[in-house]
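# Working through the structure, step by step
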Amino acid sequence: MEANEHEHVIEVTDLRRVYGGGFEAVCGIDFSVRRGEVFALLGTNGAGKTSTVELLEGLAAPAGGRVRVLGHDPYTERAAVRPRTGVMLQEGGFPSELTVAETARMWAGCVSGARPEREVLALVGLESKSGVRVKQLSGGQRRRLDLALALLGDPEVLFLDEPTTGLDPEGRREAWDLVASLRDAGTTVLLTTHYLEEAEQLADRLAIMHEGRIAVTGTPAEVTATEPSRISFELPAGYHLGDLPPLAELGVSDHTTDGRTVRLRTHELQRAATGLLVWAQHAGVELHRLDVRSASLEEAFLSIAKEASADAAATKEYAA
């Protein structure tokens, strides 16, 4: 049955991957990706991201569990899945003596219904490099070529493994714009990345992996909401911490002081900031160096990784 626009085009259930020697790199994970969605898979080095993506791409059979891409097993039904997907690996491994155009032409010969090479090279900003040999490309230009080849078959599902590694800030932004336009056109994108700003910018939903397991899933906003927002300011001259409204009434969960500087942490940012500013207005004072900001995905990521490590250590200690 063909997948429609409302279906999950990627479904992962209790997925496991075990390497030689019994090392379990993926430990029974579950997630799904809807059509036309950008889904980011995040995690520290060795978390199991690439091991998971390789199973989705059909490059290996899982040790356990179930994976479906476009309704098919990508390993046993590879012929039904591969023509409808595009893959950008961490390393392309292109023949160094071929030109960019020759590389694209060679790759097009392996793709069903390939788009014109000039079209995909223009998409990634490499049209001016078509006559340049691969060995003469910079690292960022090679990543652009990787992406161009992944787009040759106009895929329904696009797998991007660290797509902007090696790109300069301008190139990274251009890649983001391209991924966003692909999503808007209905392409489903699953990406892994170490750039948390990239995940915040692109992902409709994300999962954070740690030691082969998924620690949390949700939208970037839902994941960052697990961490408190922060407010910092300098106490006005002649005022002390006790002169402020009761912090608990402002929804402040924690606070620290450093000389005259006060730092507040809260899960109710608007309530806390409004209460503080209303107090300052009524007191007729100005809060110098006022800084109000929501938690970042980086903070949530680091907190989740730290908590997951602590839980794993406690489990091992208990088992011992």
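Everything here concerns the structure above.
Residues numbered from 1 in each chain as written. Predicted model: local features only at pLDDT ≥ 70, side-chain atom pairs only at ≥ 80, totals over all residues. Heavy atoms only, no water.

## Regarding the sheet that holds strand S7 (residues 188–192)
Across the sheet, which stays open at both edges, the six strands sit in the order S5-S6-S7-S3-S8-S9 with mixed pairing between neighbours. Pairing within the sheet leaves two strands with one partner each, and these edge strands are strand S5 (85–88) and strand S9 (213–218). Averaged over all adjacent pairs, the angle separating strand axes in this sheet is 15 degrees, with direction ignored. The pairing of S5 with strand S6 (residues 157–161) spans four bridges and is classified as parallel. Paired with Gly 86 across the strands is Leu 158, a residue of S6. (Pairing = 2+ DSSP bridges. Helix = DSSP H or I, 4+ residues; strand = E, 2+ residues; numbered from the N terminus. Axes fitted to C-alpha atoms, helices over the stretch in contact; angles between N-to-C directions.)

## Some thoughts on the side chain of Asp 161
You can see Asp 161 is positioned in strand S6. Buried charged residue Asp 161 carries no salt bridge. Nearest counter-charge: Arg 143, at 6.8 Å. In this structure the side chain of Asp 161 is engaged in a polar contact, spanning 3.4 Å, whose partner is the side chain of Thr 50. Apart from the residues lying within four places of it in its own chain, the contact partners of Asp 161 are Thr 50, Met 88, Leu 89, Gln 90, Arg 143 and Thr 192. (Buried < 20%, exposed > 50% of the residue type's maximum accessible area, 1.4 Å probe, protein only. Lys, Arg positive; Asp, Glu negative; His and termini not counted. Salt bridge = Lys/Arg side-chain N within 4 Å of Asp/Glu carboxyl O. Polar contact = N/O pair within 3.5 Å; in protein donor to acceptor, adjacent residues only side chain to side chain. Contact = heavy atoms within 4.5 Å.)

## Some thoughts on unusual backbone geometry
Of note, the phi angle at Asp 14 is positive, near 50 degrees, even though the residue is not glycine. Assignment of secondary structure puts Asp 14 in strand S1 (residues 8–18). The class of Asp 14 is partly exposed, set by a relative accessible area of 34%. In this structure, Leu 70 takes a positive phi of about 55 degrees despite not being glycine. Within the secondary structure layout, Leu 70 lies in the loop between strand S4 (64–69) and helix H2 (78–81). Relative accessible area serves as the criterion here: at 2%, Leu 70 is assigned to the buried category.

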